[in-house]
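Tertiary structure, described
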Amino acid sequence: MKTAYRKQIETTTWAPPSGGPSGKFFLGTPLVTGARDVGLRIGAGLPEKEAGFVLKSYEEMDVLRDCDALIYSVQADGKPTPTTQALLDHKLWKGVPAVKAGRAFPSRHFVMANYTFAIATVDEIEGMLKKMKRAATPRGPPVPPSPVTAPHAGSAAMLSIRLLGRRSVQFCST
């Protein structure tokens, strides 16, 4: 992942906000540890050794201005909690540059409860980086598919299939 998304990792600053009590939000989550492990730079003034849950008021939303991407919490069904929804609906949130740029990403594994959640967090981060890479890739005219040709007698035909975006399986026949 660090190689495939090196540019996105090296050139972005991230922050993990979530909804808090009336008029406030939290900055940070145990997810920060996993994010730092994959090389993400954490901004918004969150100290290097800090995982977070620093309480901020909505008026302090400008702390997110140095961030190119945000990760916010959602429940297992993909819906934000009522407090996070209040944050997402707030006019100051909508003015944050990362939000305006479409770089606010939901995470179902915002609070890493165990090893399985930690692995899923890394998978979610990889999906976020993939979206950012895709959005940054210039789109030209579609390239026509190359014609499929039958292998010559005695030569090997190889078919490679990507599984889950991480592993490939190769089939050979002669």
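Note that the structure is predicted; figures quoted are calculated from it, not measured.

1. So, the overall build of the chain
Along its length, the chain carries six helices and nine strands. When contacts within the chain are restricted to residue pairs at least 6 apart in sequence, those whose partners lie at least 24 apart make up 64%. Looking at the chain as shown, the accessible area adds up to about 10800 Å², and 57% of this sits on carbon and sulfur atoms.

2. Things to note about the environment of Glu-48
Structurally, the position occupied by Glu-48 is in the loop between strand S4 (41-42) and strand S5 (52-57). Put simply, Glu-48 and Arg-36 are twelve residues apart on the chain and 9.2 Å apart in space, counted from C-alpha to C-alpha.

3. Description of the side chain of His-109
Positionally, His-109 belongs in the loop between strand S7 (104-107) and helix H6 (115-136). Judged by its relative accessible area of 17%, His-109 falls in the buried class. Within the structure, His-109 has its side chain in polar contact with the side chain of Glu-124 (distance 3.4 Å). Those residues within four positions of His-109 in sequence are excluded, and the remaining contacts are Leu-31, Phe-117, Ala-120, Thr-121 and Glu-124.

4. Here's the deal with the pairing of strand S3 (residues 24-28)
Where strand S2 (residues 17-19) meets S3, three bridges bridge the pair, whose relative direction is antiparallel. Pairing of Pro-17 across the sheet is with Leu-27, part of S3. Hairpin remark: S2 followed by S3, antiparallel, with four residues in the connecting loop; positive phi at Gly-23, about 75 degrees. One ladder, built from five bridges, connects S3 with S5; its direction is antiparallel. Across the sheet, the residue bridging to Phe-26 is Leu-55, located in S5.

5. Some words on unusual backbone geometry
The phi dihedral of Ala-44 is positive, around 60 degrees, even though this residue is not glycine. In this structure, Ala-44 sits in the loop between S4 and S5.

6. Quick look at the packing of aromatic side chains
With the rule as written, the count across this model stands at three aromatic pairs. Both rings, one in Phe-26 and one in Phe-53, keep their centres 6.0 Å apart while their planes meet at 80 degrees; by these two values the pair is edge-to-face. In this pair, Phe-26 is assigned in strand S3 and Phe-53 in strand S5, connecting sequence segments 27 residues apart. Seen from their ring centres, Tyr-72 and Trp-93 are 6.3 Å apart, and the 85 degrees between their planes marks the pair as edge-to-face. In this pair, Tyr-72 is assigned in strand S6 (residues 69-73) and Trp-93 in helix H4 (residues 91-94), connecting sequence segments 21 residues apart. On the basis of relative accessibility, which here comes to 13%, the residue Tyr-72 falls in the buried class. By relative accessible area, Trp-93 is classed as buried at 3%.

7. Observations concerning the nonpolar core
Grouped together as the largest cluster of nonpolar side chains are 18 residues, with contacts concentrated most on Trp-14, Leu-40, Ile-42, Ile-71, Phe-105, Ile-125 and Leu-129. Sequence-distant contacts of Ile-42, that is, excluding residues within four places in its chain, are made with Thr-13, Trp-14, Val-32, Ala-35 and Arg-36. Formed by 17 residues, the second largest nonpolar core is a distinct cluster that contains Ala-44, Tyr-58, Val-96 and Ala-98.

Cut-off values and rules
- Along every chain, residues carry numbers that run from 1 in the direction the sequence is written.
- Per-residue local features are limited, in this predicted model, to residues with pLDDT of at least 70; the limit for side-chain atom pairs, both in listing and counting, is 80 or more; totals at the level of whole chains, interfaces and linings are taken over all residues.
- The side-chain values count all of the structure's non-hydrogen atoms but skip hydrogen atoms and water molecules.
- Numbering goes from the N terminus for both helices and strands, where a helix is a DSSP run of H or I of at least four residues and a strand is a run of E of at least two.
- In this analysis, two residues are considered to be in contact whenever any of their non-hydrogen atoms come within 4.5 Å of each other.
- For accessible areas, the Shrake-Rupley method is used with a probe of radius 1.4 Å. Any residue's cover is judged against the shown protein chains and nothing else.
- With a 1.4 Å probe rolled over the protein chains alone, any residue whose accessible area is under 20% of its type maximum counts as buried; one over 50% counts as exposed, and the rest are partly exposed.
- In protein, a polar contact means a hydrogen-donor-capable atom and an acceptor-capable atom, both N or O and within 3.5 Å, with residues adjacent in sequence counting only if both atoms are side-chain atoms; elsewhere, any N or O pair within 3.5 Å suffices.
- A pair of strands is treated as paired once DSSP finds two or more bridges between them.
- Note on aromatic pairs: the rings of Phe, Tyr and Trp (six-membered ring only in Trp) are paired at centre separations within 6.5 Å, and the planes decide the class, stacked below 30 degrees, edge-to-face beyond 60, tilted for the rest.
- Side-chain atoms within 4.5 Å link the members of a nonpolar core, which is a set of buried Ala, Val, Leu, Ile, Met, Phe, Trp, Tyr and Cys residues.

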